[in-house]
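# Residue-level structure breakdown
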Amino acid sequence: MINLDEIDRRLLAELQDEGRITNVELAQRVGLTAPPCLRRVRSLEEAGIIQGYHADLDPSKLGFTITVFALVSLKSQAEEALRAFEDHMKGLAEVRECHMLNGEIDFILKIVSRDLQSFQEFLTSKLTPAPNVDSVKTSLTIRTSKSIPGVPLEV
């Protein structure tokens, strides 16, 4: 873990909440002038703490009305098999998140789809025939009550 001072934490909290903030506004909010603020942000980027900047899109307004979580068990947990599965998931645009788990289930996936029929086609043509897949259990999301990107930062 990298040692961060209070100003770094405040910078991260502000950027996490509002990634499009200007450097001048960010500097004002954390009590710096613009040049040192920019140097600190660049340093946090170079250290890999800030990995990128993203727009928060509304899936339903773009036609993606279904979100599904899939629990995937593989036939083999050998490292080569795990990596082959992960590489395959990276190529599937519908898979928005892929997390390896410990325990009975090997992976949990977050999948978006336009509708139930599209998801069914994805499931049968892309997910279940993926390398080394033994079983897939899916659950459709009814409602999302909390979705906050990032991590909690104490300032």
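Let us look at the structure shown here. In this text, all values refer to a predicted model and were calculated from it rather than measured experimentally. (Residues numbered from 1 in each chain as written. Predicted model: local features only at pLDDT ≥ 70, side-chain atom pairs only at ≥ 80, totals over all residues. Heavy atoms only, no water.)

## Regarding the nonpolar core
The biggest cluster of nonpolar side chains holds 19 residues, and the ones touching the most others in it are Val-72, Phe-85, Met-89, Leu-109, Ile-111 and Leu-127. Contributions of two or more residues to this core are made by β1 (66-74), α4 (79-90), β3 (107-113) and α5 (116-127). If you tally residues by element for this core, the top one is β1, at 5 residues. Once residues within four sequence positions are removed from consideration, Met-89 is found in contact with Val-95, Cys-98, Leu-109, Leu-127 and Ala-130. By size, the runner-up hydrophobic cluster in this structure holds 12 residues, among which are Leu-12, Leu-26, Val-30 and Cys-37. (Core = buried A, V, L, I, M, F, W, Y, C linked by side-chain atoms within 4.5 Å. Buried < 20%, exposed > 50% of the residue type's maximum accessible area, 1.4 Å probe, protein only. Helix = DSSP H or I, 4+ residues; strand = E, 2+ residues; numbered from the N terminus. Contact = heavy atoms within 4.5 Å.)

## Description of α4
Here α4 is 12 residues long and its end C-alpha atoms lie 16 Å apart, about the 16 Å a rise of 1.5 Å per residue gives. Here α4 has its buried residues at Ala-81, Leu-82, Phe-85 and Met-89. Along the axis of α4, the buried positions cluster into a sector of 100 degrees, meaning they face one direction only. Of the residues in α4, the exposed ones pointing more than 90 degrees away from the buried face are Glu-80 and Lys-90. (Expected span 1.5 Å × (residues − 1). Arc of directions from axis to C-beta.)

## Quick word on the sheet that holds β3
Taken in spatial order, the 4 strands of this open sheet run β2-β3-β1-β4, and their pairing is antiparallel. Strand pairing shows two members of the sheet lacking a second neighbour, β2 (95-100) and β4 (133-140), which therefore form its edges. Adjacent strand axes in the sheet meet at a mean angle of 20 degrees when their direction is disregarded. The pairing of β1 with β4 spans 7 bridges and is antiparallel. (Pairing = 2+ DSSP bridges. Axes fitted to C-alpha atoms, helices over the stretch in contact; angles between N-to-C directions.)

## Quick word on the pattern of salt bridges
A full pass over the atoms with the stated rule returns 9 salt bridges. Close ionic contact of Asp-5 with Arg-40 constitutes a salt bridge, the shortest N to O distance being 3.0 Å. Residue Asp-5 is located in the segment before α1 (6-17), and its partner Arg-40 is located in helix α3 (residues 34-46); the two are separated by 35 residues in the primary sequence. With a relative accessible area of 34%, Asp-5 lands in the partly exposed category. We classify Arg-40 as partly exposed; its relative accessible area is 24%. Linked by salt bridges that have partners in common, Glu-14, Glu-18, Glu-25 and Arg-29 make up one network. (Salt bridge = Lys/Arg side-chain N within 4 Å of Asp/Glu carboxyl O.)

## Considering the side chain of Asn-132
With respect to the helices and strands, Asn-132 occurs in the loop between α5 and β4. In this structure the side chain of Asn-132 is engaged in a polar contact, spanning 2.8 Å, whose partner is the backbone oxygen of Ser-76. Not counting chain neighbours up to four residues away, the residues in contact with Asn-132 comprise Ser-73, Leu-74, Lys-75, Ser-76 and Ala-81. (Polar contact = N/O pair within 3.5 Å; in protein donor to acceptor, adjacent residues only side chain to side chain.)

## Describing the layout of surface pockets
Space inside the largest pocket adds up to approximately 1800 Å³. Around the largest pocket sit 42 residues that line it, and His-54, Ala-55, Asp-56, Pro-149 and Gly-150 are the ones nearest its centre. Elements with a contribution of two residues or more to the lining of the largest pocket: α1, β1, β2 and β3. If you tally residues by element for the lining of the largest pocket, the top one is α1, at 4 residues. (1 Å grid on protein atoms, 1.4 Å probe; cavity = no way out; pocket = protein on both sides within 12 Å on 5 of 7 lines; lining within 4 Å. Points joined across faces, edges and corners; volume = space filled by probe spheres on them.)

## Some remarks on the packing of α1 against helix α2 (residues 23-30)
Running from N to C, α1 and α2 cross one another at 130 degrees; their axes reach a closest spacing of 10 Å. Compared by their axis directions, α1 and α2 come out oblique. Seen from above, α1 lies across α2 with right-handed handedness. Across the interface between the two elements, Arg-10, Leu-11, Glu-14 and Leu-15 from α1 touch Leu-26, Arg-29 and Val-30 from α2. (Parallel < 35°, antiparallel > 145°, perpendicular 65-115°, else oblique. Left-handed = near helix turned anticlockwise from the far one by under 90°.)

That's the geometry; what it means functionally is another story.
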